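Given next are the chains, with one letter for each unit.
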Amino acid sequence: MEALLLGTGSADGWPNPWCRCASCGCEREAGRVRGSTAVLLDRVLLVDCGPDVPRAADRAGVSLADVHVLLLTHAHPDHLAPEALLARSWAGASSTLRVLGPASAIDACRDWVGPHDPVSLEELAPGDVVDLGGYVVRALAAAHDDGIDALTRDALLYDVTGPDGTRVLHACDTGPLPEATAEAVRGAAYDLVLLEETFGRTTGHGTGHLDSPPSRASSHACATWAP
């Protein structure tokens, strides 16, 4: 399986264009720019499509024309820019694009799909298992709910097994795993695990993200996801 990372940045990217800190300055001087988190598998299955993702594909020299599955983790705007579906329609796409994700993300897409567009919108919930053209996708609950933002309450993680047997865990935008998710992945052997680590040495943020110190968040994640 080919996994092309089209974005590895947080909501504000890295560097943050409004920031003068040493970290952002170093990245800016080096010409390194990270955009919205997304991964393209075998050039046919895309996980998340934030505002930076289509242009990131162009910069990588990759077309998204062959993508027939779009998995959405949640409806935050750095993970979902539904206007990409309109741009796809302008290109005259004829094959069906299956867009799957939690209810809030699917709802955000509805106004961007015309009545004759070859797009299928499908809601997923934790525990759902679907076969998408040889890719077996298991939807897992994320711990991304901050108790305030409704767009985080149904966020999902994805366990994807490709036609060649390669198994990938996409676990971005989550805190310590819910018990049901920890049980679902316990003992699994993954060929690739994608995690986001947003807050570095800052802990106690309560935002449904991971940090890097040996806290309960990072130690829990490593113990659970190690092959």
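Throughout this description, residue numbers start from 1 for each chain and increase along the sequence as written. A pLDDT threshold of at least 70 governs which residues receive local features in this predicted model, and a stricter bar of 80 or more applies before side-chain atom pairs are shown or counted, although totals over entire chains, interfaces and linings include all residues. Working from all heavy atoms in the structure, the side-chain values ignore hydrogens and water.

Student: Could you clarify how one ought to interpret the environment of Gly-92 in this entry?
Tutor: Only runs of H or I of at least four residues qualify as helices and only runs of E of at least two qualify as strands under DSSP, and these elements are numbered from the N terminus. Within the element layout of this structure, Gly-92 appears in the loop between helix H3 (83-90) and strand E5 (97-101). On a C-alpha basis, the gap between Gly-92 and Asp-117 in space is 9.1 Å, while along the polypeptide they are 25 residues apart.

Student: Teacher, can you tell me more about the environment of Leu-41 here?
Tutor: You can see Leu-41 is positioned in strand E2 (residues 38-41). Exposure categories follow from relative accessible area, calculated using a 1.4 Å probe and restricted to protein chains: below 20% of the type maximum is buried, above 50% is exposed, and the middle band is partly exposed. Judged by its relative accessible area of 2%, Leu-41 is buried. Through-space distance from the C-alpha of Leu-41 to that of Glu-2 is 5.6 Å; in sequence the pair is 39 residues apart.

Student: Honestly, the pairing of strand E11 (residues 192-195) in this entry has me stumped. Any pointers?
Tutor: Regular strands have side chains that alternate between both faces of the sheet. Two strands qualify as a pair provided that DSSP identifies no fewer than 2 bridges between them. The pairing of strand E10 (residues 167-171) with E11 spans four bridges and is classified as parallel. When the sheet's bridge partners are listed, Val-168 is paired in E11 with Leu-192. Consider the strands pointing away from the viewer: the crossover is right-handed when the path from the first strand over the helix to the second runs clockwise. Crossover handedness for the path E10 to helix H5 (residues 179-185) to E11: right-handed.

Student: Please clarify how empty space enclosed by the protein should be interpreted in this entry.
Tutor: Put plainly, a pocket is an open set of points on a 1 Å grid over the protein atoms alone with protein on both sides within 12 Å along at least five of seven lines, a cavity is a set where a 1.4 Å probe fits but cannot get out, and a lining residue has an atom within 4 Å of a point. Grid points are joined across faces, edges and corners, and a volume is the space filled by probe spheres set on the points. According to the stated counting rule, one finds one cavity of 30 Å³ or more in the structure shown. Roughly 30 Å³ of volume is contained in the largest cavity. If you trace the largest cavity, you find it lined by Cys-49, Leu-70, Leu-80, Ala-81, Pro-82, Ala-84, Leu-85 and Cys-109. Any residue outside Ala, Val, Leu, Ile, Met, Phe, Trp, Tyr, Cys, Pro, Asp, Glu, Lys and Arg is labelled polar, Gly included; the first ten of those are nonpolar and the last four are charged. The residue inventory of the lining of the largest cavity, partitioned by class, reads eight nonpolar, no polar and no charged.

Student: What should I look at first to understand the sheet that holds strand E8 (residues 135-141) in this one?
Tutor: Within a sheet, neighbouring strands are paired by backbone hydrogen bonds and run either parallel or antiparallel to one another. What the five strands build is an open sheet, ordered E7-E8-E9-E10-E11; its pairing is mixed. The open sheet is flanked by strand E7 (129-132) and E11, the only strands paired with a single partner. Going across the sheet, the axis of each strand differs from the next one's by a mean of 20°, ignoring polarity. Strand direction decides the pairing type here: E8 and strand E9 (residues 156-161), joined by six bridges, are antiparallel. Counted as the bridge partner of Val-137 is Val-160 from E9. For helices, the fitted axis covers only the stretch in contact; all axes are lines through C-alpha atoms, and the angles between them, taken along N-to-C directions, range from 0 to 180 degrees.

Student: What exactly am I supposed to notice about the environment of Asp-78 here?
Tutor: With respect to the helices and strands, the residue Asp-78 is situated in the loop between strand E4 (69-71) and H3. Residue class for Asp-78 comes out buried when judged on its relative accessible area of 12%. Setting aside residues no more than four positions away along its own chain, Asp-78 makes contact with Ser-10, Ala-11, Ser-36, Gly-50 and Pro-51. Throughout, a residue-residue contact means that at least one pair of heavy atoms, one from each residue, lies within 4.5 Å.

Student: How should the confidence of the model for the protein be read in this particular structure?
Tutor: In low-pLDDT regions, the fine details of the predicted coordinates are not to be read closely. Across the protein, the average pLDDT comes to 87, with 84% of residues at or above 70. In the model, residues 215-227 has pLDDT below 50 throughout and makes 26 contacts with residues more than four positions away in sequence or in other chains. Scored from 0 to 100, pLDDT records how confident the predictor is in each individual residue.

Student: Just checking my understanding: could you explain the side chain of Asp-48 for this structure?
Tutor: By secondary structure assignment, the location of Asp-48 is in the loop between strand E3 (45-47) and helix H2 (53-59). Buried and unpaired, Asp-48 has no salt bridge, with Arg-34 as the nearest side chain of opposite charge at 15 Å. For the purposes of these results, a polar contact is taken to be a pair of N or O atoms within 3.5 Å, where, inside protein, one atom must be able to donate a hydrogen and its partner to accept one; residues adjacent in sequence count only when each atom of the pair is a side-chain atom. In terms of polar contacts, Asp-48 uses its side chain to reach the side chain of His-79, at 2.7 Å. Apart from residues lying up to four places away in sequence, Asp-48 is in contact with Thr-37, Ala-38, Val-53, Leu-70, Leu-71, Leu-72, Thr-73, His-74, His-79 and His-170. His residues and chain termini do not enter the charge count, which takes Lys and Arg as positive and Asp and Glu as negative. Any carboxyl oxygen of Asp or Glu within 4 Å of a side-chain nitrogen of Lys or Arg constitutes a salt bridge here.

Student: How should unusual backbone geometry be read in this particular structure?
Tutor: The general pattern is negative phi for most residues beyond glycine and trans for most peptide bonds. A cis amide bond links Trp-14 with the next residue in sequence, Pro-15, at an omega value of 5°. Examined against the element boundaries, Pro-15 turns out to sit in the loop between strand E1 (3-7) and helix H1 (22-30). A positive phi angle, near 70°, is found at Asp-48, a position not held by glycine. Of note, the phi angle at Asp-173 is positive, near 65°, even though the residue is not glycine. Topologically, Asp-173 is positioned in the loop between E10 and H5. The exposure class of Asp-173 is buried, given its relative accessible area of 8%.

Student: I'm lost on the sheet that holds E4 in this one. Help?
Tutor: The strand order across the open sheet built from six strands is E1-E2-E3-E4-E5-E6, with neighbouring strands paired in mixed fashion. Edge positions in the open sheet fall to E1 and strand E6 (119-123), since each of these has one partner strand only. Ignoring which end each strand starts from, the neighbouring axes of this sheet average 20° apart.

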